[in-house]
Amino acid sequence: MPERTTLSVIIPAFNVEKYLAEGLDSLLASEGIDETEIIIINDGSSDNTGEIADKYASDHRNIRVIHKENEGPSAARNAGLVEASGTYVFFFDSDDMVVPELFSKVIELTKSASDDMLLWDSELSYETYNLLVPKHRDYFAHSGLEKVERTYTGKGILETQLRNTGDFVATIWLGAYRREFLMSNELFFEKDLIHEDELLLPKIFITAKSVHYIPEKIYIYRIRPGSIMNPEDNDRSRSSEALMYVYPELFKYYDGALEGEPLQELIEANLAKRYLRMIYKYRIWRYGYGKKIDKKRLLNTSRGLKNKVLALGLYIVVH
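Report on the accompanying structure. (Residues numbered from 1 in each chain as written. Predicted model: local features only at pLDDT ≥ 70, side-chain atom pairs only at ≥ 80, totals over all residues. Heavy atoms only, no water.)

What follows covers the overall build of the protein. Scanning the protein for helices and strands turns up 11 helices and 9 strands. Here the C-alpha atoms of the protein give a radius of gyration of 20 Å, agreeing with the 20 Å that 2.2 N^0.38 yields for 319 residues. For the protein, the spread of C-alpha atoms along the principal axes amounts to about 60 × 40 × 35 Å. A total of 319 residues make up the protein; the buried ones form 54% of that total. Partitioning the intrachain contacts of the protein with sequence separation of at least 6 by distance along the chain shows that 80% fall at a separation of at least 24. (Helix = DSSP H or I, 4+ residues; strand = E, 2+ residues; numbered from the N terminus. Rg over C-alpha atoms; globule rule 2.2 N^0.38 Å. Buried < 20%, exposed > 50% of the residue type's maximum accessible area, 1.4 Å probe, protein only. Contact = heavy atoms within 4.5 Å.)

Following this line, the structure appears as structure tokens:
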């Protein structure tokens, strides 16, 4: 391990024997990577993921592996965060990649940065052509931000994106986070929860005093069938359960953290839009959550005719 490192890369890995080597190779091709710490958390994999991780660790002194029982990506990331020694931590998904020559810039920046968060853009990679291409391919490229490297407050970056596009990206792998900032503010991933990014990232932005934006597509997000976000079956019960927890929790958080601020109305309108979209997309009422949906809150916080109509429609379709 490096004696002193400014960046720890935390990689939760579960049954990704097909992808792990490619992701690690992209990291290892980055200039300056030998000065970083790479922590792979083998989250109870039943395939060869653990063996692949151990082989990389034996060949590279800056890689170490933690083998643990399967508890999901949130618990794995939290375990890596506690173990990390870097000034900054970067949560890398084991089936994705980075662009080495661009990620080298991040490594170099962590040596001098004091920001709470470093933020960047992502490109998309499609494993098969059978997957639908998102309507806005540049969604993970922060299309609401001017493509100029600059520093914002966390609230400022949310407000800029919401005013320009009505949306913002809540994805953990689009940034590196000052470890002490996360630890001192108790900004951990909630265990046993998918869509955990959607709950944590708004809290990170709202708490962060300084977010440095790098307008480069540094990360490559792989869209593939069978992942948590792209399941091969039509059972959305797990996603529905998670979202029925995440969205009400965020409304409660915004009430406390943003009361009376201009950002509150903007971000609650965005939350209502996301909530309504997921309710109809997953038909959440099929899983017995109809009575738990706060229809009045959604109607009051929705903005725009389409969202108002969707909110009113809940009084008809949800019981």
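So, on to unusual backbone geometry. For Asn15, which is not glycine, the phi dihedral falls at a positive 50 degrees. Among the structural elements, Asn15 can be located in the loop between β1 (7–13) and α1 (20–28). For Asn15, a relative accessible area of 30% gives the class partly exposed. Of note, Asp192 is a non-glycine position whose phi angle comes to about 60 degrees, a positive value. Within the secondary structure, Asp192 sits in the loop between α6 (179–184) and α7 (196–207).

We now examine helix α2 (residues 49–59). All buried positions along α2 are accounted for by Thr49, Gly50, Ala53 and Tyr56. Each buried residue of α2 sits inside an arc of 125 degrees when the element is viewed along its axis, so together they form one side. Of the exposed residues in α2, those oriented more than 90 degrees away from the buried face are Lys55 and Ser58. Packed against the buried residues of α2 are β1, α1, β2 (37–43) and β3 (63–68). (Arc of directions from axis to C-beta.)

Turning next to the nonpolar core. Leu27, Phe90 and Phe103 are the most contacted members of the largest nonpolar core, which totals 102 residues. Broken down by element, this core gets its largest block of residues, 9 residues, from helix α9 (residues 262–282). Once residues within four sequence positions are removed from consideration, Phe90 is found in contact with Leu7, Ser8, Val9, Ile10, Leu27, Val98, Phe103, Trp120, Trp173, Gly175, Ala176 and Tyr219. (Core = buried A, V, L, I, M, F, W, Y, C linked by side-chain atoms within 4.5 Å.)

Attention shifts here to the pattern of salt bridges. Scanning the entire structure with this criterion turns up 24 salt bridges. Among the ionic pairs, Asp167 bridges to Arg274, the shortest N-O distance being 3.0 Å. Of this pair, Asp167 sits in the loop between α5 (154–165) and β8 (175–178) while Arg274 sits in helix α9, placing them 107 residues apart in sequence. The salt bridge partner of Arg297 is Glu268, with a shortest N-O separation of 3.0 Å. One end of the pair, Arg297, is in helix α10 (residues 295–301); the other, Glu268, is in helix α9, and 29 residues separate them in sequence. Residues joined by salt bridges that share partners form a network here, namely Asp43, Lys68, Glu71 and Lys191. (Salt bridge = Lys/Arg side-chain N within 4 Å of Asp/Glu carboxyl O.)

Our focus in this paragraph is the packing of aromatic side chains. Aromatic ring pairs: the centre-centre distance and the angle between the two ring planes describe each pair. Inspection of the entire model under this criterion finds 14 aromatic pairs. Where Phe90 meets Trp120, the ring centres are 5.4 Å apart and the plane angle is 75 degrees; that geometry is what we call edge-to-face. Placement of Phe90 in strand β4 (residues 88–91) and of Trp120 in strand β6 (residues 117–126) is noted, with a sequence separation of 30 residues between them. What makes Phe90 buried here is its relative accessible area of 0%. For the ring pair Phe90 and Tyr219, a centre distance of 6.1 Å and an interplane angle of 85 degrees mean the geometry is edge-to-face. (Phe/Tyr/Trp six-rings, centres within 6.5 Å; stacked < 30°, edge-to-face > 60°.)

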